[in-house]
Amino acid sequence: MTGGSTTGDDGSAAPAPAAPEKRQPWPLWEVFVRSSRGLSHVHAGSLHAPDAEMAVRNARDLYTRRNEGVSLWVVPASSIITSDPDAKGQFFESPQGKDYRHATYYTKSDGVKHL
Amino acid sequence: MATAPAVDQMPAESATETEEERAGREQFERLISEDSRIEPRDWMPEAYRKTLARQISQHAHSEIIGMQPEANWISRAPSLKRKAILMAKVQDEAGHGLYLYSAAETLGTPRDKMTEDLIAGKARYSSIFNYPAVTWADMGAIGWLVDGAAIANQVPLCRASYGPYGRAMVRICKEESFHQRQGFEILLELANGTPAQKEMAQDAVNRWYAPSLMMFGPPDDDSPNSKQSMAWNIKRFSNDELRSRFVGMMVEQVKVLGLTLPDDQIRFDEDTQQWEHAPLDWNEFKEVLAGRGPCNAQRMERRREAHEDGAWVREAAAAYADKRATAAQQKAA
């Protein structure tokens, strides 16, 4: 697996024209949908498509059949870089034990209004 | 729509387990015991991966094959409204198949391999789609009973321990409820129509009732692998539990339709708190699953034909993408 592909598809670019049966599978794209103005694009799922234009069209048909979105992003799955899942312990260690980064840590002001 | 999966036995722990595998296994066991979720890049037992890959791909194939009985009726639906509804439903089934293929792919099986297996007759799909849809009322009965059974099966799968499967199921369940309601409405209108229409509705319910109950899979005492699936938090309820719950819902809903279920043994057992129903013909289930149902050959033939007829579209799209990519490279050079 490379990049952020969760599928094992390496999402590599289409190869030089070859006999149809020897073609690489269509690359994998990750789809992000903005559900309404003012909100972020959120990951909805993935799909296969031969190129970016078809990926956007397929994403519309697959992920917005019921007005779920006003904008779409498609990203080649192979372009996504993820943190190392095996090292997540160390990688996300820094915030551990730093409760003072949360407002709830400060309890002496309980009952004080508008704070 | 899922039928109960068969599950491989968990292999005995290997004596040659590496440090890394041991850490992975311990994390997997901890996540399962906390009822947390497993994500694609986590370590997982090979049997868990295989079980899910098979269950999710079978589920995907079922959605894709499930388009056929209804697509056959689009041109013959009785009104423009019904045609539009049926088209939307068939399009949803295609979408559901694609969500599920995506989820299955995260386990490492390429999409094309799953399609090949289906077309080569190596993969299974839900036995329900091997029954013919012979009248318009069947569109009603399929929506009400078949999609109803699918929903009863699928709602607990939204909490399946494998993240991508659960997420696909959440999306699917949201969309399925329209399917069941439109089916119910078709039956309700027929049941309140002419005597011939009411008879047609009753006939469809009579034919789809038992096959829809069999969608939950074999009885618990004949489903030895369910136990492992439940231990892994893939399945949350046993086949019989879900089936009983479904019968309880249908027995009330059929009254609103003014029709009857073709089963005079339905009763609520106060001791077990379960709905009981007449015995089902499990030999028929096994025959259909083994490929000897009324429509198996026809469904496979149609799927193969669609794949082959669509080959030029896939090739043209890929050739066009190649051409554009090459042109872009040359321009950049």
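Because the structure is predicted, anything quoted here is derived from the model rather than measured.

K.L.:
How should I be thinking about the overall build of chain A in this particular structure?
P.N.:
Looking only at helices and strands, one finds 2 helices and 3 strands in chain A. Its helices and strands taken in sequence order, chain A reads β-β-α-β-α from the N to the C terminus. Residues counted as buried form 25% of the 115 residues belonging to chain A. Partitioning the intrachain contacts of chain A with sequence separation of at least 6 by distance along the chain shows that 43% fall at a separation of at least 24. Summed over its atoms, the accessible surface of chain A is roughly 7800 Å², and 54% of this surface lies on carbon and sulfur atoms.

K.L.:
Would you take a moment to explain the confidence of the model for chain A for this structure?
P.N.:
Any segment with low pLDDT has predicted coordinates that should not be analysed in fine detail. All names here are of chain A. Scored by pLDDT, chain A comes out at a mean of 82, with 78% of its residues at no less than 70. No element of chain A has a lower mean pLDDT than helix α2 (residues 88–91), which averages 75, and none a higher one than strand β3 (residues 71–76), which averages 98. This stretch, residues 1–18, has a pLDDT under 50; its non-local contacts, to residues over four places away or in other chains, come to 37 contacts.

K.L.:
I would appreciate a short explanation of the side chain of D138 of chain B in the present structure.
P.N.:
Residues and elements named next belong to chain B. Tracing the backbone through its elements, the reader meets D138 in helix α6 (residues 137–154). Exposure remark for D138: the relative accessible area of 0% places this residue in the buried category. A distance of 2.9 Å separates a polar atom in the side chain of D138 from the backbone nitrogen of V134. Apart from the residues within four sequence positions on either side, D138 is in contact with P132, A133, A204, R207 and W208.

K.L.:
Explain the packing of aromatic side chains to me, please; I cannot follow it from the model alone.
P.N.:
Any two aromatic rings considered together are summarised by their centre-to-centre distance and by the angle between their planes. Across all of its chains, the model carries 14 aromatic pairs over all chains by this definition. When the ring of Y105 of chain A is compared with that of Y106 of chain A, the centres are 4.9 Å apart and the planes differ by 80°; the resulting orientation is edge-to-face. Under the relative-accessibility criterion, Y106 of chain A is labelled partly exposed at 47%. Aromatic ring contacts, followed pair by pair, group F28, W43, Y48 and W232 of chain B into a single cluster. Lying across the ring of F237 of chain B, R245 of chain B places its NZ or CZ 4.2 Å from the centre.

K.L.:
Hey, could you run me through the packing of helix α3 (residues 67–74) of chain B against helix α12 (residues 296–309) of chain B in this one?
P.N.:
To describe two helices that pack against each other, one gives the angle between their axes and the distance between the axes. All names here are of chain B. Here α3 crosses α12 at 80°, and the two axes come no closer than 10 Å. Judged by the angle between their axes, α3 and α12 are roughly perpendicular. For the pair α3 and α12, the contacting residues are Q68, P69 and N72 in the first and Q298, R299, R302 and R303 in the second. When the residues that make up the contact of α3 with α12 are grouped by side-chain class, the tally is 1 nonpolar, 3 polar and 3 charged.

K.L.:
Got a minute to help me understand the confidence of the model for chain B in this structure?
P.N.:
Residues and elements named next belong to chain B. When the pLDDT values of chain B are averaged, the result is 93; 95% of them are 70 or greater. Note that residues 1–12 has pLDDT below 50 and, in this model, 50 contacts with residues that lie over four places away or in other chains. In the predicted assembly, ipTM is 0.86 and pTM is 0.88.

K.L.:
What should I look at first to understand unusual backbone geometry in this one?
P.N.:
Glycine aside, negative phi is the norm for most residues, and most peptide bonds take the trans geometry. Residues and elements named next belong to chain A. Even without glycine at this site, H114 takes up a positive phi of about 60°. With respect to the helices, strands and loops of the structure, H114 is situated in the segment after α2. Assessed through its relative accessible area of 85%, H114 is described here as exposed.

K.L.:
Looking at this structure, I do not really get the sheet that holds strand β1 (residues 28–34) of chain A. What am I missing?
P.N.:
Backbone hydrogen bonds hold the strands of a sheet together, and the pairing may be parallel or antiparallel. Residue and element names in this part refer to chain A. Spatial ordering of the open sheet is given by β2-β1-β3, a layout of 3 strands whose pairing is antiparallel. Two strands bound the open sheet, and with one partner strand each, they are β2 (41–48) and β3. Across the sheet, the mean angle from the axis of one strand to that of its neighbour is 25°, orientation sign disregarded. Pairing geometry for β1 and β3, over 6 bridges, is antiparallel. Among the inter-strand pairings, V31 is bridged to a residue of β3, identified as V74.

K.L.:
Please explain the side chain of S62 of chain B as it appears in this structure.
P.N.:
Residue and element names in this part refer to chain B. In this fold, S62 is placed in helix α2 (residues 46–65). Taking relative accessible area as the criterion, S62 reaches 2% and is therefore assigned buried. A polar contact of 2.8 Å, which involves the side chain of S62, links it to the backbone oxygen of Q58.

K.L.:
Explain a nonpolar patch on the surface here, please?
P.N.:
Residues and elements named next belong to chain A. The grouping of Y100, Y105 and Y106 at the surface amounts to a nonpolar patch, some 350 Å² of accessible area in total. Relative to the helices and strands, Y100 is located in the segment after α2. Its relative accessible area of 43% is what places Y100 among the partly exposed residues.

K.L.:
Sorry, what's going on with a negative patch on the surface here?
P.N.:
A cluster of acidic side chains, namely D84 and D86 of chain A together with E20 and E21 of chain B, defines a negative patch on the protein surface. Checked against the element boundaries, E21 of chain B lands in helix α1 (residues 19–33).

K.L.:
What is the right way to look at the pairing of β1 of chain A in this model?
P.N.:
Strand residues, when the strand is regular, have side chains that alternate between the two faces of the sheet. Residues and elements named next belong to chain A. Burial runs high along β1: 6 of the 7 residues are buried. With 7 bridges joining them, β1 and β2 adopt antiparallel strand pairing. Bridge pairing in β2 places F32 opposite H43.

K.L.:
I keep staring at the packing of α2 of chain B against α3 of chain B and nothing clicks. Help me out?
P.N.:
Residues and elements named next belong to chain B. Relative to each other, α2 and α3 sit at 15°, their axes nearing to 5 Å. What the angle tells us is that α2 and α3 run roughly parallel. Of the residues in α3, those touching α2 at E63, I64 and I65 are M67, Q68 and P69. Grouping the constituent residues of the contact of α2 with α3 by class yields 4 nonpolar, 1 polar and 1 charged.

Calculation criteria
- Residues numbered from 1 in each chain as written.
- Chains lettered and ligands numbered in written order.
- Predicted model: local features only at pLDDT ≥ 70, side-chain atom pairs only at ≥ 80, totals over all residues.
- Heavy atoms only, no water.
- Helix = DSSP H or I, 4+ residues; strand = E, 2+ residues; numbered from the N terminus.
- Buried < 20%, exposed > 50% of the residue type's maximum accessible area, 1.4 Å probe, protein only.
- Contact = heavy atoms within 4.5 Å.
- Areas by Shrake-Rupley, 256 points an atom, 1.4 Å probe, with all protein chains shown as cover.
- pLDDT = per-residue confidence, 0-100.
- Polar contact = N/O pair within 3.5 Å; in protein donor to acceptor, adjacent residues only side chain to side chain.
- Phe/Tyr/Trp six-rings, centres within 6.5 Å; stacked < 30°, edge-to-face > 60°.
- Lys NZ or Arg CZ within 6 Å of the ring centre and 35° of its normal.
- Axes fitted to C-alpha atoms, helices over the stretch in contact; angles between N-to-C directions.
- Parallel < 35°, antiparallel > 145°, perpendicular 65-115°, else oblique.
- Nonpolar A, V, L, I, M, F, W, Y, C, P; charged D, E, K, R; others polar.
- Pairing = 2+ DSSP bridges.
- Patch = residues over 30% accessible without salt bridge, like charges linked within 9 Å, V, L, I, M, F, W, Y side chains within 5 Å.
- Salt bridge = Lys/Arg side-chain N within 4 Å of Asp/Glu carboxyl O.
- Lys, Arg positive; Asp, Glu negative; His and termini not counted.
- Charge placed at Lys NZ, Arg CZ, Asp CG, Glu CD.

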